[in-house]
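Descriptive analysis of the structure
Spelled out, the chains give:
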Amino acid sequence: MSVRDEFDAWAADGRDKGMEDRHWHTAKHALARMPVEEGDTVVDLGTGSGYALRALRDTKGIGRGFGLDGSPEMVQNARAYTDTDDLSFLVGDFDDLPFEDDSVDHVWSMEAFYYAADPHHTLEEVARVLRPGGTFYCAVNYYEENVHSHEWQDLISIDMTRWSHAEYREAFRDAGLHVAEQDSIADLDIDIPAAAEFPTDDWETREAMVERYRTFGTLLTVGVAP
(Lines give C-alpha, C1' and ligand atoms only; values in the text may rest on other atoms or scores of the structure.)
Protein backbone atom coordinates (compact mmCIF):
# COMPACT_ATOMS: atom_id res chain seq x y z
CA MET A 1 0.00 0.00 0.00
CA SER A 2 1.27 3.50 -0.83
CA VAL A 3 1.64 6.34 1.66
CA ARG A 4 -1.26 8.03 -0.10
CA ASP A 5 -3.58 5.04 0.20
CA GLU A 6 -2.63 4.34 3.81
CA PHE A 7 -3.29 7.85 5.03
CA ASP A 8 -6.32 8.43 2.85
CA ALA A 9 -7.85 5.54 4.77
CA TRP A 10 -6.77 7.06 8.09
CA ALA A 11 -8.29 10.42 7.17
CA ALA A 12 -11.54 8.84 6.04
CA ASP A 13 -11.78 7.08 9.41
CA GLY A 14 -11.17 10.30 11.32
CA ARG A 15 -7.82 9.10 12.63
CA ASP A 16 -6.23 12.43 11.71
CA LYS A 17 -7.85 14.03 14.75
CA GLY A 18 -6.67 11.17 16.95
CA MET A 19 -3.12 11.71 15.75
CA GLU A 20 -3.44 15.41 16.42
CA ASP A 21 -4.52 14.78 20.00
CA ARG A 22 -1.65 12.37 20.69
CA HIS A 23 1.04 14.35 18.93
CA TRP A 24 0.06 17.57 20.65
CA HIS A 25 1.38 16.23 23.97
CA THR A 26 4.95 16.85 22.82
CA ALA A 27 4.47 18.91 19.64
CA LYS A 28 3.30 21.91 21.65
CA HIS A 29 6.64 22.06 23.47
CA ALA A 30 8.69 21.80 20.26
CA LEU A 31 6.53 24.38 18.48
CA ALA A 32 7.01 26.80 21.38
CA ARG A 33 10.78 26.63 20.86
CA MET A 34 10.69 27.53 17.19
CA PRO A 35 12.24 30.98 16.59
CA VAL A 36 9.30 32.08 14.48
CA GLU A 37 8.73 35.78 14.01
CA GLU A 38 5.56 37.53 12.91
CA GLY A 39 5.14 37.32 9.16
CA ASP A 40 7.44 34.31 8.65
CA THR A 41 6.72 31.57 6.12
CA VAL A 42 6.49 28.04 7.53
CA VAL A 43 6.20 24.68 5.75
CA ASP A 44 4.75 21.66 7.56
CA LEU A 45 5.86 18.31 6.10
CA GLY A 46 3.26 15.61 6.69
CA THR A 47 0.76 18.15 7.93
CA GLY A 48 -2.06 15.70 8.71
CA SER A 49 -4.94 17.71 10.15
CA GLY A 50 -2.91 20.94 9.87
CA TYR A 51 -2.90 21.56 13.61
CA ALA A 52 0.74 22.70 13.81
CA LEU A 53 0.27 25.54 11.33
CA ARG A 54 -2.92 26.67 13.04
CA ALA A 55 -1.08 26.72 16.37
CA LEU A 56 1.78 28.77 14.90
CA ARG A 57 -0.67 31.20 13.34
CA ASP A 58 -2.53 31.66 16.63
CA THR A 59 0.52 31.89 18.92
CA LYS A 60 3.27 33.39 16.76
CA GLY A 61 1.48 35.17 13.94
CA ILE A 62 3.12 33.47 10.99
CA GLY A 63 2.52 35.23 7.68
CA ARG A 64 2.11 32.22 5.43
CA GLY A 65 1.88 28.53 6.18
CA PHE A 66 1.99 25.64 3.73
CA GLY A 67 1.01 22.15 4.85
CA LEU A 68 2.27 19.38 2.57
CA ASP A 69 0.88 15.86 2.74
CA GLY A 70 0.93 12.86 0.45
CA SER A 71 -2.71 12.08 1.23
CA PRO A 72 -5.41 14.03 -0.64
CA GLU A 73 -7.92 13.08 2.07
CA MET A 74 -5.68 14.49 4.80
CA VAL A 75 -5.28 17.70 2.80
CA GLN A 76 -9.02 17.97 2.29
CA ASN A 77 -9.64 17.53 6.01
CA ALA A 78 -6.96 20.08 6.94
CA ARG A 79 -8.58 22.65 4.67
CA ALA A 80 -11.97 21.97 6.24
CA TYR A 81 -10.56 22.48 9.75
CA THR A 82 -8.93 25.82 8.83
CA ASP A 83 -10.71 29.18 8.63
CA THR A 84 -8.03 31.44 7.12
CA ASP A 85 -6.53 31.98 3.67
CA ASP A 86 -3.07 32.48 5.20
CA LEU A 87 -2.68 28.71 5.53
CA SER A 88 -2.64 26.52 2.43
CA PHE A 89 -2.65 22.74 2.23
CA LEU A 90 -1.09 20.91 -0.70
CA VAL A 91 -0.80 17.34 -1.91
CA GLY A 92 2.88 16.76 -2.50
CA ASP A 93 5.95 14.58 -2.20
CA PHE A 94 8.76 15.03 0.32
CA ASP A 95 11.27 14.31 -2.46
CA ASP A 96 10.26 17.31 -4.55
CA LEU A 97 9.18 20.24 -2.39
CA PRO A 98 7.12 22.74 -4.45
CA PHE A 99 8.96 25.82 -3.20
CA GLU A 100 11.66 28.08 -4.61
CA ASP A 101 15.22 28.07 -3.31
CA ASP A 102 15.73 30.19 -0.16
CA SER A 103 12.01 30.95 0.10
CA VAL A 104 11.00 29.49 3.48
CA ASP A 105 11.83 30.68 7.00
CA HIS A 106 11.11 27.46 8.88
CA VAL A 107 10.17 23.84 8.18
CA TRP A 108 8.35 21.67 10.69
CA SER A 109 7.62 17.94 10.69
CA MET A 110 6.00 15.84 13.40
CA GLU A 111 5.81 12.06 13.15
CA ALA A 112 6.12 12.10 9.37
CA PHE A 113 9.76 12.41 8.31
CA TYR A 114 10.42 8.68 8.58
CA TYR A 115 7.85 8.02 5.84
CA ALA A 116 10.05 9.79 3.27
CA ALA A 117 11.03 7.43 0.44
CA ASP A 118 14.51 8.97 0.35
CA PRO A 119 15.09 10.78 3.66
CA HIS A 120 18.56 11.99 2.69
CA HIS A 121 17.16 13.69 -0.40
CA THR A 122 14.28 15.11 1.65
CA LEU A 123 16.83 16.79 3.91
CA GLU A 124 18.58 18.20 0.84
CA GLU A 125 15.23 19.59 -0.31
CA VAL A 126 14.63 21.14 3.12
CA ALA A 127 18.08 22.74 3.01
CA ARG A 128 17.38 24.03 -0.50
CA VAL A 129 14.13 25.82 0.33
CA LEU A 130 15.27 27.30 3.67
CA ARG A 131 16.57 30.85 3.77
CA PRO A 132 19.96 31.36 5.46
CA GLY A 133 19.36 31.04 9.20
CA GLY A 134 16.10 29.16 8.65
CA THR A 135 15.35 26.14 10.81
CA PHE A 136 14.08 22.60 10.40
CA TYR A 137 12.33 21.21 13.48
CA CYS A 138 12.06 17.44 12.99
CA ALA A 139 10.15 15.52 15.67
CA VAL A 140 9.76 11.73 15.66
CA ASN A 141 8.64 9.04 18.08
CA TYR A 142 9.88 6.22 15.85
CA TYR A 143 13.65 6.08 16.30
CA GLU A 144 16.33 3.55 17.18
CA GLU A 145 16.78 4.28 20.89
CA ASN A 146 13.03 4.08 21.48
CA VAL A 147 12.85 0.29 21.62
CA HIS A 148 9.11 0.44 22.25
CA SER A 149 8.58 1.88 18.75
CA HIS A 150 10.39 -0.87 16.84
CA GLU A 151 7.26 -3.00 16.40
CA TRP A 152 5.44 -0.17 14.62
CA GLN A 153 6.89 -1.22 11.28
CA ASP A 154 4.99 -4.51 11.60
CA LEU A 155 1.72 -2.63 11.99
CA ILE A 156 1.90 -0.58 8.79
CA SER A 157 2.52 -1.50 5.17
CA ILE A 158 4.71 1.54 4.42
CA ASP A 159 8.48 1.23 4.80
CA MET A 160 9.75 3.52 7.54
CA THR A 161 13.25 4.81 8.28
CA ARG A 162 14.42 4.16 11.84
CA TRP A 163 17.49 6.26 12.60
CA SER A 164 19.35 6.76 15.85
CA HIS A 165 20.15 10.11 17.44
CA ALA A 166 23.59 10.04 15.82
CA GLU A 167 22.23 9.07 12.40
CA TYR A 168 19.84 12.02 12.44
CA ARG A 169 22.69 14.39 13.27
CA GLU A 170 24.92 12.92 10.58
CA ALA A 171 22.19 13.06 7.92
CA PHE A 172 21.35 16.67 8.76
CA ARG A 173 25.01 17.65 8.44
CA ASP A 174 25.42 15.69 5.19
CA ALA A 175 22.52 17.70 3.74
CA GLY A 176 24.24 20.97 4.68
CA LEU A 177 22.29 21.78 7.84
CA HIS A 178 23.99 22.73 11.10
CA VAL A 179 22.63 20.75 14.06
CA ALA A 180 21.57 23.35 16.60
CA GLU A 181 20.10 21.00 19.18
CA GLN A 182 18.79 17.51 19.75
CA ASP A 183 16.92 16.15 22.73
CA SER A 184 13.96 14.06 23.81
CA ILE A 185 10.71 15.68 24.91
CA ALA A 186 8.85 13.65 27.51
CA ASP A 187 5.12 13.06 27.13
CA LEU A 188 3.85 14.28 30.49
CA ASP A 189 0.20 14.42 29.44
CA ILE A 190 -0.57 10.76 28.82
CA ASP A 191 -2.13 9.03 31.79
CA ILE A 192 -0.05 6.16 33.18
CA PRO A 193 -2.07 3.84 35.45
CA ALA A 194 -0.88 2.64 38.83
CA ALA A 195 1.36 -0.44 38.86
CA ALA A 196 -1.48 -2.59 40.27
CA GLU A 197 -3.43 -2.10 37.02
CA PHE A 198 -0.78 -3.77 34.85
CA PRO A 199 -0.55 -5.66 32.58
CA THR A 200 -2.89 -3.78 30.26
CA ASP A 201 -3.91 -4.54 26.69
CA ASP A 202 -0.86 -2.61 25.45
CA TRP A 203 1.75 -2.84 28.21
CA GLU A 204 3.15 -5.70 30.27
CA THR A 205 4.62 -3.46 32.96
CA ARG A 206 4.25 0.09 34.19
CA GLU A 207 8.02 0.50 33.95
CA ALA A 208 7.90 -0.08 30.19
CA MET A 209 5.13 2.45 29.71
CA VAL A 210 6.95 5.04 31.82
CA GLU A 211 10.12 4.48 29.80
CA ARG A 212 8.26 4.86 26.50
CA TYR A 213 6.55 8.15 27.35
CA ARG A 214 8.57 9.78 30.12
CA THR A 215 12.10 8.76 29.10
CA PHE A 216 12.10 8.29 25.34
CA GLY A 217 9.17 10.53 24.37
CA THR A 218 9.69 12.48 21.13
CA LEU A 219 13.12 12.89 19.57
CA LEU A 220 13.59 16.47 18.34
CA THR A 221 16.44 17.35 16.00
CA VAL A 222 16.87 20.97 14.96
CA GLY A 223 18.79 21.92 11.85
CA VAL A 224 19.78 25.44 10.76
CA ALA A 225 20.51 26.48 7.19
CA PRO A 226 23.90 28.23 6.82
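About the thresholds
Residues numbered from 1 in each chain as written. Predicted model: local features only at pLDDT ≥ 70, side-chain atom pairs only at ≥ 80, totals over all residues. Heavy atoms only, no water. Helix = DSSP H or I, 4+ residues; strand = E, 2+ residues; numbered from the N terminus. Buried < 20%, exposed > 50% of the residue type's maximum accessible area, 1.4 Å probe, protein only. Lys, Arg positive; Asp, Glu negative; His and termini not counted. Salt bridge = Lys/Arg side-chain N within 4 Å of Asp/Glu carboxyl O. Contact = heavy atoms within 4.5 Å. Core = buried A, V, L, I, M, F, W, Y, C linked by side-chain atoms within 4.5 Å.

As recorded by an unreviewed UniProt entry, the protein chain carries the name 24-sterol C-methyltransferase and is attributed to Haloferax sulfurifontis ATCC BAA-897.

Let us now look at the side chain of Arg212. Note on placement: Arg212 falls in helix 7 (residues 206–216). No salt bridge is formed by the buried Arg212; its nearest oppositely charged neighbour, Glu111, is found at 6.0 Å. Among residues more than four places away in sequence, those in contact with Arg212 are Asn141, Asn146, His148, Trp152, Trp203 and Gly217.

Okay, unusual backbone geometry next. Omega for the peptide link from Phe198 to Pro199 comes to 5°, which places this bond in the cis form. Relative to the assigned elements, Pro199 resides in the loop between strand 6 (178–185) and helix 7. Phi is positive for Asp102, close to 50°, though the residue is something other than glycine. As for its placement among the helices and strands, Asp102 is situated in the loop between strand 3 (87–91) and strand 4 (104–110).

A few words now on the nonpolar core. Soluble globular proteins: nonpolar side chains tend toward being buried together. Val107, Leu123 and Phe136 are the most contacted members of the largest nonpolar core, which has 39 residues in total. When residues of this core are traced back to their parent elements, those giving at least two are strand 1 (41–45), strand 2 (64–69), strand 4, helix 5 (119–129), strand 5 (130–140) and helix 6 (165–174). Those residues in contact with Val107 that lie beyond four places of it in its chain are Met34, Val43, Leu45, Val126, Val129, Leu130, Thr135, Phe136 and Tyr137. Of all hydrophobic cores here, the second largest spans 23 residues; its members include Ala30, Leu56, Val75 and Leu220.

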